[in-house]
Amino acid sequence: MDLFENMNAAVSYIEAHLDEEINYEEVAKITCFSEHHFKRMFSFIAGISLTEYVRRRRLTLAAFVLKESDMRVIDVAIKYGYNSPDSFSRAFQTLHEVAPSSVKNSDVPLKAYPRMTFQISIKGDVEMNYRFVEKEAFTIVGKKETVVSSGTEFNPKIWEHIEEIEENVKPYDNTSFSGILHVSLTKENGDIDYYIATVTTKPCPKELEHLEISPQTWAVFQATGEMPDALLKTWERVYTEWFPTSGYELAEAPEFVKGNDIKTEIWVPVKKKK
């Protein structure tokens, strides 16, 4: 099976388990990737996180059930993984812009997010330059924000103060691996810890956060062109073109961007695919 067949098989598994707890480890096995790699691959190919896709599909099905059956709101909430009718009502109203209790009204507009299907796209006509780098463990110090996994936009508020933050972390830049790093660490629930940081051997001050990064093999890709579009395009190509044919998969470690407007690199932690 090729990448898209595997991804579609994984979606079929997810669709069959939307009304129960989804075992993402089993889903990942279908694609022959690690769970961490599958979730990141899904987000790049689909354009939304796996968590958000499942949320939209469950709330889509919940609307159909409320419309077509006599089930109580609390029972529908439990069916689709919500622990309380209040949390379900908030999520439902955020997506559909109406309360679940009003769905029986025939004039109420609802939103439907259909099942996702992956289709092959012919790519690979543009070369990708990369190199492998083996690095020992290192520590970063910087400003951190946790970005909640929802919707399609990744827009940390700390970007609004990027120049100020970079100036604050520069005094801690004291290793040969110098420069400002933009580090993203994807957590199990799909949220992302995002850092503007630098590599250091100095103690971390109270106003900043630190992160220990273990020894890794990194695949390093250069993004060329006008930023940030070139950066986003390169990152997309790493997941949709390079990974499927490389024999490698994503390791469970942070990814980061290093450089400036002249030379910008994407550092992706990788491991040999089993």
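Above this note sits the structure.
Residues numbered from 1 in each chain as written. Predicted model: local features only at pLDDT ≥ 70, side-chain atom pairs only at ≥ 80, totals over all residues. Heavy atoms only, no water.

Participant: Looking at this structure, I do not really get the overall build of the protein. What am I missing?
Facilitator: The number of helices and strands found in the protein is 8 helices and 9 strands. Considering the protein as a whole, with its 274 residues, one finds that 47% of them fall into the buried category. Sequence-distant contacts in the protein: of pairs separated by 6 or more residues, those separated by 24 or more amount to 69%. Total accessible area computed for the protein in this model is approximately 15,000 Å², and 49% of it derives from carbon and sulfur atoms. In the protein, which carries 32 positive and 43 negative side-chain charges, the distance between the mean positions of the two groups comes to 2 Å. (Helix = DSSP H or I, 4+ residues; strand = E, 2+ residues; numbered from the N terminus. Buried < 20%, exposed > 50% of the residue type's maximum accessible area, 1.4 Å probe, protein only. Contact = heavy atoms within 4.5 Å. Areas by Shrake-Rupley, 256 points an atom, 1.4 Å probe, with all protein chains shown as cover. Lys, Arg positive; Asp, Glu negative; His and termini not counted. Charge placed at Lys NZ, Arg CZ, Asp CG, Glu CD.)

Participant: Got a minute to help me understand unusual backbone geometry in this structure?
Facilitator: Generally, phi is negative for residues other than glycine and the peptide bonds are trans, each holding for most cases. With a phi close to 65°, C32 is a non-glycine residue in the positive phi region. Tracing the backbone through its elements, the reader meets C32 in the loop between α2 (24-31) and α3 (35-46). For C32, a relative accessible area of 48% puts it in the partly exposed group.

Participant: Is there a simple way to think about the side chain of T217 in this case?
Facilitator: Counting through the fold element by element, T217 comes out in strand β6 (residues 216-223). Side chain to side chain, T217 and E134 meet in a polar contact 2.9 Å long. Leaving out residues up to four positions away in the same chain, T217 has contacts with F132, V133, E134, V268, P269 and V270. (Polar contact = N/O pair within 3.5 Å; in protein donor to acceptor, adjacent residues only side chain to side chain.)

Participant: For this particular structure, what's the right way to read the nonpolar core?
Facilitator: Of all hydrophobic cores here, the largest spans 36 residues; its most connected members are M7, F38, F42, F118, F243 and V268. At the level of elements, α1 (3-16), α2, α3, α4 (50-68), β6, α8 (229-246), β7 (248-250) and β9 (264-272) are the ones that each hand at least two residues to this core. Residues within four places of F38 in sequence aside, it is in contact with M7, A10, V27, A28, T31, F33 and L50. If you look at the next biggest cluster of nonpolar residues, it comprises 16 residues, including A62, A77, V103 and V108. (Core = buried A, V, L, I, M, F, W, Y, C linked by side-chain atoms within 4.5 Å.)

Participant: Would you mind showing me how to read the pattern of salt bridges here?
Facilitator: Pairs can form between side chains of opposite charge whenever their charged atoms are close. Across all of its chains, the model carries 15 salt bridges by this definition. The salt bridge partner of R72 is D75, with a shortest N-O separation of 3.0 Å. Taking the relative accessible area as the measure of exposure, R72 reaches 53% and is therefore exposed. Classification of D75 by relative accessible area gives partly exposed; the value is 27%. When the shortest N-O distance is used, the salt bridge between E265 and K263 registers 3.7 Å. The class for E265 is buried, based on a relative accessible area of 8%. Overall, the relative accessible area of 43% leaves K263 in the partly exposed class. (Salt bridge = Lys/Arg side-chain N within 4 Å of Asp/Glu carboxyl O.)

Participant: When you look at the pairing of strand β4 (residues 192-199) in this model, what are you seeing that I'm missing?
Facilitator: Remark: a regular strand shows side chains that alternate across the two faces of the sheet. Counted residue by residue, β4 has 8 buried out of 8 residues, so it is predominantly covered. Examined bridge by bridge, strand β2 (residues 138-147) and β4 share 8 bridges and lie antiparallel to one another. Each bridged residue has a counterpart across the sheet, and for K144 the counterpart in β4 is Y195. When strand β3 (residues 181-186) meets β4, the two strands line up antiparallel, connected through 6 bridges. By the bridge assignment, L181 is partnered in β4 with A197. A loop of 5 residues connects β3 with β4, the two strands running antiparallel in sequence, and G190 in this loop sits at a positive phi of about 95°. (Pairing = 2+ DSSP bridges.)

Participant: How should I be thinking about α8 in this particular structure?
Facilitator: The α-helix advances 3.6 residues per turn, and as a result positions three or four apart in sequence lie on the same side. For α8, with 18 residues, the first-to-last C-alpha span of 24 Å sits near the 26 Å given by 1.5 Å per residue. Taken together, the buried positions of α8 are A230, L231, T234, W235, R237, V238, Y239, T240, E241, W242 and F243. G247 lies just past α8 and shows a positive phi near 85°. (Expected span 1.5 Å × (residues − 1).)

Participant: Explain the environment of L66 to me, please; I cannot follow it from the model alone.
Facilitator: Its place among the elements puts L66 in helix α4. Assessed through its relative accessible area of 4%, L66 is described here as buried. For the pair L66 and K104, spaced 38 residues apart in sequence, the C-alpha separation works out to 7.1 Å. Once residues lying within four places of it in the same chain are set aside, the contact partners of L66 are M71, V73, V76, F88, F92, P100, V103 and K104.

Participant: Honestly, the packing of aromatic side chains in this entry has me stumped. Any pointers?
Facilitator: By convention here, two paired aromatic rings are described through the distance between centres and the angle between planes. Using the criterion set out here, one finds 24 aromatic pairs in the structure. Pairing F44 with W235 gives two aromatic rings, centres 6.4 Å apart and planes at 25°, and the pair type is stacked. With F44 in helix α3 and W235 in helix α8, the pair connects residues that are 191 residues apart, well separated along the chain. Overall, the relative accessible area of 11% leaves W235 in the buried class. Where F44 meets Y239, the ring centres are 4.3 Å apart and the plane angle is 5°; that geometry is what we call stacked. Taken together, the residues F44 in helix α3 and Y239 in helix α8 connect sequence positions 195 residues apart. When its relative accessible area of 0% is taken as the criterion, Y239 is described as buried. Taken together through their ring pairs, the aromatic side chains of F44, Y130, F132, F221, W235, Y239, W242, F243 and Y248 make up a single cluster. (Phe/Tyr/Trp six-rings, centres within 6.5 Å; stacked < 30°, edge-to-face > 60°.)

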